[in-house]
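The lines below spell out each chain.
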Amino acid sequence: MLINPKMETLPRDELESLQLRRLQNVCARVYANVPFYRKRFDEVGIKPDDIHSLDDLKRLPFTEKQDLRDNFPFGLCAVPREHITRVQASSGTTGKAVALSYTQRDLDNWKECAARGMASCGITRQDTVHVAYGYGLFTGGLGMHGGADYIGAMVVPASGGATRRQVHLLQDFGSTVLCCTPSFAMHLYEVGMEEGIDFKELPLRLGIFGAEPWSEAMRREMEEKLGIDAMNVYGLSEIMGPGVAMECIHAKQGLHLWEDHFIPEIIDPVTGENLPAGEQGELVITTITKEGVPLIRYRTRDLTSIDDTPCSCGRTHVRITRIAGRTDDMLIIRGVNVFPQQIEEILMSSKGLSPNYQLIIEREKDLDTLEVRVEVNSDLFADEVRRIQDLEKNLQKTIKEYLGVTTRIRLMEPNSLERFSGKAQRVIDKRNLA
Ligand code: ADP
Ligand code: ZN
């Protein structure tokens, strides 16, 4: 189902001319109303009137997370205070949180974008949508809530935490859709098993998962265990919140990014040069309709690529591929670059392991060590020690082969690692590299 049939299927040439008009407009607005942008534009010698084509976007300066921190809380607002109707903040995964201000129209657009994605996964007003993302300043809960509301589905605003209770709520209300982080979904499933509630026997048929990186292997595992379609939602509070881009169930490959509101670019994170479609790099987004805090060429630090091939669902908006990691998540272990999801991918492909893992990095005598702690499934744990040792050896070998990094593997008892109701913390870096 399409929420906004005209916009979602707008032919590319019309979409691009709309983008250009909106880009010119947002540049004029930030130049006139945000001293920070006026200064930045002046520094590179560009005026809003100099934007004649989408290609001119490249000439504009980047905006970074630090700029939002430096201008905390309202320094980048482009409208007077009385037009702001909501404040949200990022979760602060990588440092001090940033605050974002929304006008009523921004909130309406956010709802529509989230709804478009949710509808593209097949959610209708017949559905009961259990939202277990945190509510509050973090955008996850209210964002998905808004989308489900727009569709007219029945919303269960469960928020994070209280895992046991949530499992029973899922059963009692007969929810058909679950929205949360992929790690929390697995935790709900585990607690369900303990409580004698098998997700496969619930009416639950769809999961909308995001807010943290997860792998294709994790998707397979979740679909099999929970008996659902596991769909990927991407978003960040700086740009709006969840729903900036979302997978459609038709193709289940790549996340449509709503280009009538956002212009995506992929750059080389080191040189800042633009990369062509298909190449992986850092996602940069320009918001072209936002009123509260419009962002020009915002560096998301998320790594992905753009797929501009037509999608079988008929939507004309480009897709971004599953987020491969964020530039600040990259671990450098004795000079080798590793992303946690690459390790996750390998762990998930081995039989007998659970999706609960943790990476512990330490420095011993000036050398980095990486310990991979991963819980085994209960059936394997009861098994002979010999098999466990073999599994450790094989994992170590596979990680070395694929990623070039030496690890120490520690298989852990089921349920021994910490569980998270929001974003999982997979990496513990004790090296003190600050
Ligand atoms: P932060 O975590 O930076 O404090 P947010 O709470 O706004 O701020 O979270 C946004 C970030 O979460 C994104 O920039 C991205 O790194 C991550 N994220 C969101 N959705 C996904 C997803 N589907 N896959 C991978 N990472 C995601
Ligand atoms: Zn599609």
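On a predicted model such as this, the values are computed, not experimentally measured, just so you know.

Engineer: Can you break down the overall build of the protein residue by residue, with the values?
Structural biologist: In terms of helices and strands, the protein carries 12 helices and 21 strands. For the protein, whose C-alpha radius of gyration is 22 Å, the value lies close to the compact-globule estimate of 22 Å for 434 residues. Its C-alpha atoms give the protein principal-axis dimensions of about 70 × 55 × 40 Å. In the protein, which comprises 434 residues, the proportion classed as buried is 55%. Put simply, of all contacts in the protein between residues at least 6 apart along the chain, 66% involve residues at least 24 apart. Only carbon and sulfur atoms are counted for the fraction: they give 49% of the accessible area of the protein, which is about 18,600 Å².

Engineer: Mind laying out the packing of helix H5 (residues 104–120) against helix H6 (residues 139–151), listing which residues take part and the relevant values?
Structural biologist: It is the contact of H5 with H6, at a shortest axis distance of 7 Å, that shows an interaxial angle of 75°. By the criterion of interaxial angle, the relationship of H5 to H6 is roughly perpendicular. Side by side, H5 and H6 meet where Trp110, Lys111, Glu112, Ala114, Ala115, Met118 and Ala119 of the first sit next to Thr139, Gly143, Met144, Gly146, Gly147, Ala148, Asp149, Tyr150 and Ile151 of the second. Looking at the contact of H5 with H6 residue by residue, the classes come out as nine nonpolar, four polar and three charged.

Engineer: So what's going on with the domain arrangement of the protein? Residues and values would help.
Structural biologist: The domains assigned to the protein are domain 1 (70–328) and domain 2 (336–429). Domain 1 and domain 2 are separated by 27 Å when their C-alpha centres are compared. Facing the 29 residues of domain 1 at the interface are 16 residues of domain 2. Surface buried jointly by domain 1 and domain 2 totals about 1,700 Å² across both partners, of which 49% is contributed by carbon and sulfur atoms. Taken together, the connections running from domain 1 to domain 2 amount to one salt bridge.

Engineer: Before we move on, could you go through the site of ligand 1 and cite the residues and values that matter?
Structural biologist: Taken together, 21 residues surround ligand 1, and among them Ser91, Gly92, Thr93, Ser237 and Asp302 come closest. Within the contact set of ligand 1, an oxygen atom lies 2.8 Å away from a side-chain nitrogen or oxygen of Lys65. One of the side-chain N or O atoms of Arg326 is found 2.8 Å from an oxygen atom in ligand 1. A total of 560 Å² of accessible area belongs to ligand 1 in isolation, and the protein chains cover 97% of it. More than half of the atoms of ligand 1 fall within 2 Å of the grid points belonging to the largest cavity. Ranked by the residues each element gives to the shell around ligand 1, the list is headed by strand E7 (residues 229–236), at five residues. Of the residues that constitute the shell around ligand 1, the class distribution is seven nonpolar, eight polar and six charged.

Engineer: Please give an account of the nonpolar core that cites residues and values.
Structural biologist: If you look at the biggest cluster of nonpolar residues, it comprises 48 residues, and the most contacted ones within it are Phe41, Tyr234, Ile239, Phe262 and Ile320. Broken down by element, this core gets its largest block of residues, six residues, from helix H2 (residues 12–33). Sequence-distant contacts of Phe262, defined by excluding residues within four places in its chain, comprise Gln19, Cys113, Ile239, Met240, Val244, Leu257, Ile285, Thr286, Thr287 and Ile288. The next biggest cluster of nonpolar side chains, apart from the first, holds 47 residues, and it includes Ile228, Met348, Tyr357 and Ile388.

Parameters and conventions
Residues numbered from 1 in each chain as written. Chains lettered and ligands numbered in written order. Predicted model: local features only at pLDDT ≥ 70, side-chain atom pairs only at ≥ 80, totals over all residues. Heavy atoms only, no water. Helix = DSSP H or I, 4+ residues; strand = E, 2+ residues; numbered from the N terminus. Rg over C-alpha atoms; globule rule 2.2 N^0.38 Å. Buried < 20%, exposed > 50% of the residue type's maximum accessible area, 1.4 Å probe, protein only. Contact = heavy atoms within 4.5 Å. Areas by Shrake-Rupley, 256 points an atom, 1.4 Å probe, with all protein chains shown as cover. Axes fitted to C-alpha atoms, helices over the stretch in contact; angles between N-to-C directions. Parallel < 35°, antiparallel > 145°, perpendicular 65-115°, else oblique. Nonpolar A, V, L, I, M, F, W, Y, C, P; charged D, E, K, R; others polar. Domains from an automatic or database assignment. Buried area = accessible area lost by both parts, 1.4 Å probe. Salt bridge = Lys/Arg side-chain N within 4 Å of Asp/Glu carboxyl O. Near = heavy atom within 4 Å. Polar contact = N/O pair within 3.5 Å; in protein donor to acceptor, adjacent residues only side chain to side chain. 1 Å grid on protein atoms, 1.4 Å probe; cavity = no way out; pocket = protein on both sides within 12 Å on 5 of 7 lines; lining within 4 Å. Sits in = over half its atoms within 2 Å of the grid points. Core = buried A, V, L, I, M, F, W, Y, C linked by side-chain atoms within 4.5 Å.

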